[in-house]
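Observations on chain architecture
Listed below, chain by chain, are the residues.
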Amino acid sequence: DEDEDEDEDEEDDEIFRKYKQQRIDLIKNSLPTYGRFYRVKRDEFISETEKEHELIHVVVHLYQNTIPACIRLNLILEDIAPQFTHVKFIRTRSTDLVESFSNVALPMLLVYRGGEVVHTIPQVSKHFPRKWEDKDVVAYLAKKGILNKQAYKPPRQSKKDIRLKEDY
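Residues numbered from 1 in each chain as written. Predicted model: local features only at pLDDT ≥ 70, side-chain atom pairs only at ≥ 80, totals over all residues. Heavy atoms only, no water.

Focus on a negative patch on the surface
A contiguous patch of negative charge on the surface is contributed by Glu8, Asp9, Glu10, Glu11, Asp12 and Asp13. The exposure class assigned to glutamate 11 is exposed, which follows from its relative accessible area of 51%. (Patch = residues over 30% accessible without salt bridge, like charges linked within 9 Å, V, L, I, M, F, W, Y side chains within 5 Å. Areas by Shrake-Rupley, 256 points an atom, 1.4 Å probe, with all protein chains shown as cover. Salt bridge = Lys/Arg side-chain N within 4 Å of Asp/Glu carboxyl O. Lys, Arg positive; Asp, Glu negative; His and termini not counted. Charge placed at Lys NZ, Arg CZ, Asp CG, Glu CD. Buried < 20%, exposed > 50% of the residue type's maximum accessible area, 1.4 Å probe, protein only.)

So, in structure tokens, the structure goes:
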């Protein structure tokens, strides 16, 4: 009798696991997809950040293209964005939002979800090791619950050294 109960429990567990996976897939498939990192101007900022689906994280990089850490973070976010299609990655020059914005806080990340700021991270590069790269940014954002670290595949060959800061 106990063996039959265990078999039924295992069957129930399997049915529940399949149902749960179907629900997750349904939600994932109904979410908007992005997969790129792009610049947003002041007049687009609110619609790009606060009017997004409630389950979507919007990662905003506030930057200046004269600051090496900002350039590096722009290049890294450009590389990782295609791997995290259910996260919206955008950038805006800090002075495009607030003319008197201090460079001391840069590079800065703002993270929105459901139209609300859930993380404000000034000087984000201080949270990374000295020679930081893609995997360090992914690990940090995963620790904050923004990215799924398991979904990340490191690039085979980096193009960062070839690209110029004038791109931004």
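Read on, since the account is not over.
Some words on unusual backbone geometry
In this model, leucine 106 is joined to proline 107 through a cis peptide bond whose omega is -5 degrees. Relative to the helices and strands, proline 107 is located in the loop between α4 (94-97) and β4 (108-113). Phi is positive for glutamine 123, close to 45 degrees, though the residue is something other than glycine. Assignment of secondary structure puts glutamine 123 in the loop between β5 (116-121) and α5 (134-143). (Helix = DSSP H or I, 4+ residues; strand = E, 2+ residues; numbered from the N terminus.)

Description of the packing of aromatic side chains
Inspection of the entire model under this criterion finds three aromatic pairs. For the ring pair phenylalanine 45 and tyrosine 112, a centre distance of 6.1 Å and an interplane angle of 75 degrees mean the geometry is edge-to-face. Separated by 67 residues along the polypeptide, phenylalanine 45 in helix α2 (residues 45-49) and tyrosine 112 in strand β4 bring together distant segments of the chain. Plain terms: the ring middles of phenylalanine 128 and tyrosine 140 are 5.7 Å apart, the flat faces sit at 85 degrees to each other, and that makes the pair edge-to-face. Of this pair, phenylalanine 128 sits in the loop between β5 and α5 while tyrosine 140 sits in helix α5, and the two are twelve residues apart along the sequence. Residue placement shows arginine 72 over the ring face of tryptophan 132; its charged tip is 5.3 Å from the ring centre. Directly above the ring of phenylalanine 37 sits arginine 91, whose terminal nitrogen or CZ lies 4.9 Å from the centroid. (Phe/Tyr/Trp six-rings, centres within 6.5 Å; stacked < 30°, edge-to-face > 60°. Lys NZ or Arg CZ within 6 Å of the ring centre and 35° of its normal.)

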